[in-house]
Amino acid sequence: LPDSLSTREQADSLNNPDSNKVELKRHTLFFELGGAFFFYSIKYDYILKQWNRFSINYSIGFSVLPDDNYRKINDYRQFAFPMQLSGLYGKNKSKLEFGVFITPGLSIPNKRERIYDNEKINYGFYNQGINLGYRYQKKQGGLFFKAFFLAFYFDRNYGYINGSFSYWMGIGIGHTFR
């Protein structure tokens, strides 16, 4: 009798291929070193749509850094919000990732008495570009890892590298859940 039950379960799983599928975990929280804001960011990633070998993801992050501006007085803090829309190609846990990103931000002073000559106290900035890399992410969740290259285009407010391209890289490590 136990052999007939296992045979019946096997037949049911063959007739219903969805019974063996792992539920896709769509949410990831990770730490990114390098990347769209150069130094670090804490990011959340969500899988918007999943097909057989391709998926579309969206991520948003947050970072705070001292701003070493051109006068070298470190009176500012930079708040940045890196955002990315990316595609993933691959059938299993190893995938090729390609995407576009924008990083809007705001620099605000720490001590107003150090502001010179009635300058604008707050200033906004943004970076934009593309990325290409490798992503390790299991459908059932757990360890998340990515390594990638980026090509930036800087806006007019980014100091000494106005209107130019720059190349960078990054890695991210985190956890995929729910």
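Whatever comes next refers back to the structure up there.
Residues numbered from 1 in each chain as written. Predicted model: local features only at pLDDT ≥ 70, side-chain atom pairs only at ≥ 80, totals over all residues. Heavy atoms only, no water.

Peer 1: Looking at this model, I keep getting lost on the pairing of strand β1 (residues 27-34). Mind explaining?
Peer 2: Across a regular strand the side chains alternate sides, sitting on one face of the sheet and then on the other. Bridge count for β1 against strand β2 (residues 40-50) is seven bridges, and the pairing is antiparallel. What sits directly across from H27, in β2, is Y46. Hairpin connection, β1 to β2: the antiparallel pair is bridged by five residues, and G35 has positive phi, about 80°. (Pairing = 2+ DSSP bridges. Helix = DSSP H or I, 4+ residues; strand = E, 2+ residues; numbered from the N terminus.)

Peer 1: For this particular structure, what's the right way to read the packing of aromatic side chains?
Peer 2: Any aromatic ring pair is given by two values, namely how distant the centres are and how the planes are angled relative to each other. The tally for this structure, following the rule as stated, stands at nine aromatic pairs. Between F38 and F152, the ring centres sit 4.7 Å apart and the planes meet at 20°, which makes this aromatic pair stacked. A residue pair is termed long-range when its members are at least 10 positions apart, and F38 in the loop between β1 and β2 and F152 in strand β8 (residues 142-154) qualify at 114 residues. Residues F38 and F152 agree in their burial class; the two are buried. Look at F62 and F81: their rings are 5.5 Å apart centre to centre, the planes differ by 45°, and that puts the pair in the tilted class. Taken as a pair, F62 in strand β3 (residues 54-67) and F81 in the loop between β4 (76-80) and β5 (83-89) lie far apart in primary sequence, 19 residues in all. (Phe/Tyr/Trp six-rings, centres within 6.5 Å; stacked < 30°, edge-to-face > 60°. Buried < 20%, exposed > 50% of the residue type's maximum accessible area, 1.4 Å probe, protein only.)

Peer 1: Looking at this structure, I do not really get the environment of R53. What am I missing?
Peer 2: If you trace the backbone, R53 turns up in the loop between β2 and β3. With relative accessibility at 41%, the residue R53 sits in the partly exposed group. In the structure, R53 is positioned 38 residues away from K91 in sequence and 4.7 Å away in space, judged by C-alpha atoms.

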